[in-house]
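# Examining the three-dimensional arrangement
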Amino acid sequence: MTDSRQPEPGSHERAAAEPPALLLCGARLADGRTVDVRLGGGRIEAVGTAGSLGGATAGPAPAHCARLDLTGYLLLPAPAEPHAHHDTALTAAAPPPSAPPGGAGPPSGDPEEVQRRTTEAALLQLGHGATATRTHVRVGDVTGLHALEAVLQARRALRGLAELTTVAVPRLLTGLAGAEELAMLRDAVKMGATVVGGCPDLDPDPGGYVDAVLSVAAEHGCAVDLHTDADDPARLARLAAAAGGLRPGVTLGPCGGLSRLPQDRAGRAADQLAAAGVTVVALPQGACGTLERGAPFRVAPVRLLRAAGVTVAAGSGALRDHANPVGRGDPLEAAYLLASHGEASPRAAYAAVSTGARSVMGLPEVRVEAGFPAELLAVRGDDVAGVLSLAYSRIVVHRGRVVARTSAVREYCDSAAAAEFDLPRQAQG
């Protein structure tokens, strides 16, 4: 899925300039095998036993093929970020110049500032491993389409490093106040937003809001991604009934209100979502700013939803903005939280931020097998549980090219306690 209806000038020339072939040597897979993986043309060309493709034990790499030693690393499909708010990211620390004395005020809407924040946030998440991001962007009201234009400009600048898709988020869509924003939502899609969304819970007529969003999505063939707390079973049932059958699909999040419902009512709601083919994005790291705070934030009941047959992904939500001043935007932390809270096994938790996230975003599936897209994350560690616990050193591959590296080395001073058990003074994490 892309955010632009027309190819940009020079895009065909850039696409033709494929990165050179890359051989990943000695990587460990989640199933325990140690393999070499050859990448070319933005895809995985071959996967073989260690040394069989010209790896570290087989002498020089094939001609025109760079080699990267991944001994000690676990190689996984790269995560994707299905729920970000990059236009307001990184605004928690310092209020804008226009803020009232003693108050934080709204984040600066200056287009250049929005583009800078979006770019920095996307690069931060790329460093964590997310090679594709879906970000929600406010449209209408005083913002107009300026923030969306700035985010789309950041998207163009990031091409080749990471994929960025946008969700147009109007506040109101019904009544006289909503008529102008409905027109602006259509303009946002024409400008380049490929997903339409918003928060029906904040509109005086939530059902009318959903109908308007679904109508625009049907007109333009867009996906839908709506914010809802999902604490009203009757409203959720109406939404699921209206969304059923829409293609390319409807996503809801963060749906934390389902965790506050009695088990039987939450189970019925999950069954309705599954029957309608609605997907859910949970936010284990905390709330995002689109939903107004009322009851304490809860994470969606991922285990219950998955048991009902709902496709569930996990996202980051707020990245150091007023909704979550300490938001890290790390997909592996989202997976860690799902696993540590008992909502999923470590491997299922990682699937929620990789396979599940890509499914929600309409992106091709990734496996470490020949023929699949070369969207990969190498993390120092032996297994999925280990890297969710201590995932520091990471190598990120996008379209067959290394686009980010993070290295961590831990050192200890001389210690009799460590020497007694022959523990290393230095370790890579």
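Reading guide: rules and limits
- Residues numbered from 1 in each chain as written.
- Predicted model: local features only at pLDDT ≥ 70, side-chain atom pairs only at ≥ 80, totals over all residues.
- Heavy atoms only, no water.
- Helix = DSSP H or I, 4+ residues; strand = E, 2+ residues; numbered from the N terminus.
- Buried < 20%, exposed > 50% of the residue type's maximum accessible area, 1.4 Å probe, protein only.
- Contact = heavy atoms within 4.5 Å.
- Areas by Shrake-Rupley, 256 points an atom, 1.4 Å probe, with all protein chains shown as cover.
- Axes fitted to C-alpha atoms, helices over the stretch in contact; angles between N-to-C directions.
- Parallel < 35°, antiparallel > 145°, perpendicular 65-115°, else oblique.
- Left-handed = near helix turned anticlockwise from the far one by under 90°.
- Polar contact = N/O pair within 3.5 Å; in protein donor to acceptor, adjacent residues only side chain to side chain.
- pLDDT = per-residue confidence, 0-100.
- Lys, Arg positive; Asp, Glu negative; His and termini not counted.
- Salt bridge = Lys/Arg side-chain N within 4 Å of Asp/Glu carboxyl O.
- 1 Å grid on protein atoms, 1.4 Å probe; cavity = no way out; pocket = protein on both sides within 12 Å on 5 of 7 lines; lining within 4 Å.
- Points joined across faces, edges and corners; volume = space filled by probe spheres on them.

### Some thoughts on the overall build of the protein chain
- Check the secondary structure of the protein chain and you find 13 helices and 18 strands.
- When each of the 429 residues of the protein chain is scored for burial, the buried share is 52%.
- A separation threshold of at least 6 residues defines the contact pool for the protein chain, and within that pool the share at least 24 residues apart is 73%.
- Surface accessibility of the protein chain: about 18,600 Å² in total, with carbon and sulfur atoms responsible for 53%.

### Here's the deal with the packing of helix α9 (residues 331–340) against helix α10 (residues 346–353)
- One can describe the packing of α9 onto α10 by two numbers: an axis separation of 8 Å at closest approach and a directional angle of 140°. It follows that α9 is oblique to α10 by the angle criterion. Between α9 and α10 the crossing geometry is right-handed. Contacts from Pro331, Leu332, Ala334, Ala335, Leu338 and Ala339 in α9 reach Pro346, Ala349, Tyr350, Ala352 and Val353 in α10.

### Section: the side chain of threonine 251
- Along the polypeptide, threonine 251 turns up in strand β11 (residues 250–254).
- Among the polar contacts made by the side chain of threonine 251, one reaches the side chain of threonine 279 at a distance of 2.8 Å.
- For threonine 251, the contacting residues outside a window of four places in its chain are Arg134, Val224, Asp225, Leu226, Thr279, Val281 and Val360.

### Description of the confidence of the model for the protein chain
- Summarising the model, the protein chain shows a mean pLDDT of 89, and 89% of its residues fall at 70 or more.
- Note on residues 1–16: pLDDT under 50 across the span, and 35 contacts to partners over four residues away in sequence or across chains.

### Comments concerning unusual backbone geometry
- Geometrically, the link from glycine 253 to proline 254 is a cis peptide bond, its omega value of 0° lying close to zero.
- Along the chain, proline 254 falls in strand β11.
- One non-glycine residue, leucine 90, lies in positive phi territory at about 65°.
- Mapped onto the elements of the fold, leucine 90 is located in the loop between β6 (81–84) and α2 (111–128).
- Exposure remark for leucine 90: the relative accessible area of 15% places this residue in the buried category.
- Even without a glycine there, the phi angle at arginine 320 is positive, about 50°.

### So, the side chain of glutamate 181
- Here glutamate 181 shows up in helix α4 (residues 175–191).
- Of the buried charged residues, glutamate 181 lacks a salt bridge, with arginine 171 as the closest side chain of opposite charge at 6.9 Å.
- At 3.4 Å, the side chain of glutamate 181 and the backbone nitrogen of leucine 172 are in polar contact.
- Among all residues touching glutamate 181, those that are not within four sequence positions of it are Val139, Gly140, Asp141, Pro170, Arg171, Leu172 and Leu173.

### Thoughts on empty space enclosed by the protein
- Scanning the model with the defined rule gives 1 cavity of 30 Å³ or more in all.
- Reported here for the largest cavity is a volume of approximately 60 Å³.
- Around the largest cavity, the lining residues are Pro200, Asp201, Thr228, Ala230, Asp231, Asp232, Arg235, Leu236 and Leu239.
- Take the lining of the largest cavity: its biggest share by element is 3 residues, from helix α6 (residues 233–243).

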